[in-house]
Amino acid sequence: MDITDRKNILIIEDDDSVAEGLADILAGYGYNALKSSNASDSIQKLSDNRIDLIVLDVHLGDENGYELCKKIRMDSDIPVIFLTACNSEMELIRGFQSGGDDYVTKPFRMQELLVRIQALLRRTARSGHGKKITGELELDINRCHIFKNKKSVELSTTEWRIAAVLIEHYPAAVSREELLYQVWDKDAMYVEENTLNVNISRVREKLGRYDGQQYIETVRGIGYRWSVDVK
């Protein structure tokens, strides 16, 4: 692979040995790995470099990883994978609410992390053409972005994919299994059951309602369906 084609992954981890090990393994798989150990340096590296994905440790020395993710989300929709030593439901929800796209629990298998990185990068690379209108929303498919009444709706990469998949299948319902596969690709088997529920809830909250109804409806026994006409 030409070095100019390599994806740049920013590792934000204050444990030097862990960061170094991740960087070496990622380099062996053809990625260009940048390392940072604190929030201020991470923001600077994001400003100075084209970053395609972030691997972010939850517990940093100078700042909580969740808070750093919120700052990143103010200016960027770069995919973020959290590294966390806690796999409780509340920690999972907190990670998604701060803008994360996925998480891996320590100690983790490197192969699992690689699969998740590859899946997120594939989803980010997908692009369609044109725009779609649904209710008060306008989808800019080329930019992977949604506007509501001309104002930008800040969605994570995962949230965008959920909305896009459901809109693509309108007016049909999409099963939970199919949605997991479409959104998380081949690593869907690693996704916790509650992860889809949390992300659906977040998309609903961010998009609001149209004529009194939510944009995403639950179809009992099947999965989910986009409920507003798509043009």
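Everything discussed here concerns the structure shown above.
Residues numbered from 1 in each chain as written. Predicted model: local features only at pLDDT ≥ 70, side-chain atom pairs only at ≥ 80, totals over all residues. Heavy atoms only, no water.

A. Molecular detail of the pairing of strand 13 (residues 216-219). In the sheet, strand 13 pairs with strand 14 (residues 223-226) via four bridges, with the strands oriented antiparallel. Looking at strand 14, one finds that Ile-216 is bridged to Trp-226. Taking the residues between adjacent antiparallel strands as the criterion, strand 13 and strand 14 are bridged by three residues, where Gly-221 takes a positive phi near 80 degrees. (Pairing = 2+ DSSP bridges. Helix = DSSP H or I, 4+ residues; strand = E, 2+ residues; numbered from the N terminus.)

B. How the structure looks around the environment of Leu-10. Secondary-structure assignment places Leu-10 in strand 1 (residues 8-12). Overall, Leu-10 belongs to the buried group, its relative accessible area being 0%. In this structure Leu-10 touches Leu-34, Lys-35, Ser-36, Ser-42, Lys-45, Leu-46, Ile-51, Leu-53, Ile-54 and Val-55, once residues within four positions along its chain are discounted. (Buried < 20%, exposed > 50% of the residue type's maximum accessible area, 1.4 Å probe, protein only. Contact = heavy atoms within 4.5 Å.)

C. Structural detail: the pattern of salt bridges. Across all of its chains, the model carries 14 salt bridges by this definition. Its salt-bridge partner being Arg-73, residue Asp-101 comes within 3.0 Å of it at the nearest N-O pair. Residue Asp-101 is located in the loop between helix 4 (89-97) and strand 5 (102-105), and its partner Arg-73 is located in helix 3 (residues 65-73); the two are separated by 28 residues in the primary sequence. Among the salt bridges present, the one from Glu-112 reaches Arg-116, with a minimum N-O distance of 3.2 Å. Note that Glu-112 and Arg-116 are positioned in helix 5 (residues 110-125) at a spacing of four residues, about one turn of the helix. A relative accessible area of 14% means that Glu-112 is categorised as buried. Relative accessible area serves as the criterion here: at 4%, Arg-116 is assigned to the buried category. Look at the salt bridges and you will find they share partners, linking Asp-102, Arg-109, Glu-112 and Arg-116 into a network. (Salt bridge = Lys/Arg side-chain N within 4 Å of Asp/Glu carboxyl O.)

D. Region of interest: the sheet that holds strand 10 (residues 174-175). Taken in spatial order, the three strands of this open sheet run 10-14-13, and their pairing is antiparallel. Only two strands of the sheet have a single partner each, and these edge strands are strand 10 and strand 13. Along the sheet, helix 6 (residues 157-169) contacts strand 10, strand 13 and strand 14; its crossing angle with strand 14, the most-contacted strand, is approximately 75 degrees. (Axes fitted to C-alpha atoms, helices over the stretch in contact; angles between N-to-C directions.)

E. Layout of the packing of helix 4 against helix 8 (residues 193-207). In the contact formed by helix 4 and helix 8, the axes pass within 10 Å of each other and the chain directions differ by 40 degrees. The angle between helix 4 and helix 8 places the two elements in the oblique class. Between helix 4 and helix 8 the crossing geometry is right-handed. Residues Glu-89, Leu-92, Ile-93, Phe-96 and Gln-97 of helix 4 touch helix 8, and the partners they reach there are Asn-194, Thr-195, Val-198, Asn-199 and Arg-202. Class assignment of the residues belonging to the contact of helix 4 with helix 8 gives a composition of four nonpolar, four polar and two charged. (Parallel < 35°, antiparallel > 145°, perpendicular 65-115°, else oblique. Left-handed = near helix turned anticlockwise from the far one by under 90°. Nonpolar A, V, L, I, M, F, W, Y, C, P; charged D, E, K, R; others polar.)

F. Focus on the nonpolar core. With 28 residues, the main nonpolar core has Ile-146, Leu-179 and Trp-226 as its most contacted residues. Of all the elements in the fold, those that place two or more residues in this core are strand 7 (137-140), helix 6, helix 7 (176-184), helix 8 and strand 14. The biggest single contributor to this core is helix 6, with seven residues. In this structure, Ala-39, Leu-46, Ile-54 and Ile-93 belong to the second largest nonpolar core, which totals 22 residues. (Core = buried A, V, L, I, M, F, W, Y, C linked by side-chain atoms within 4.5 Å.)

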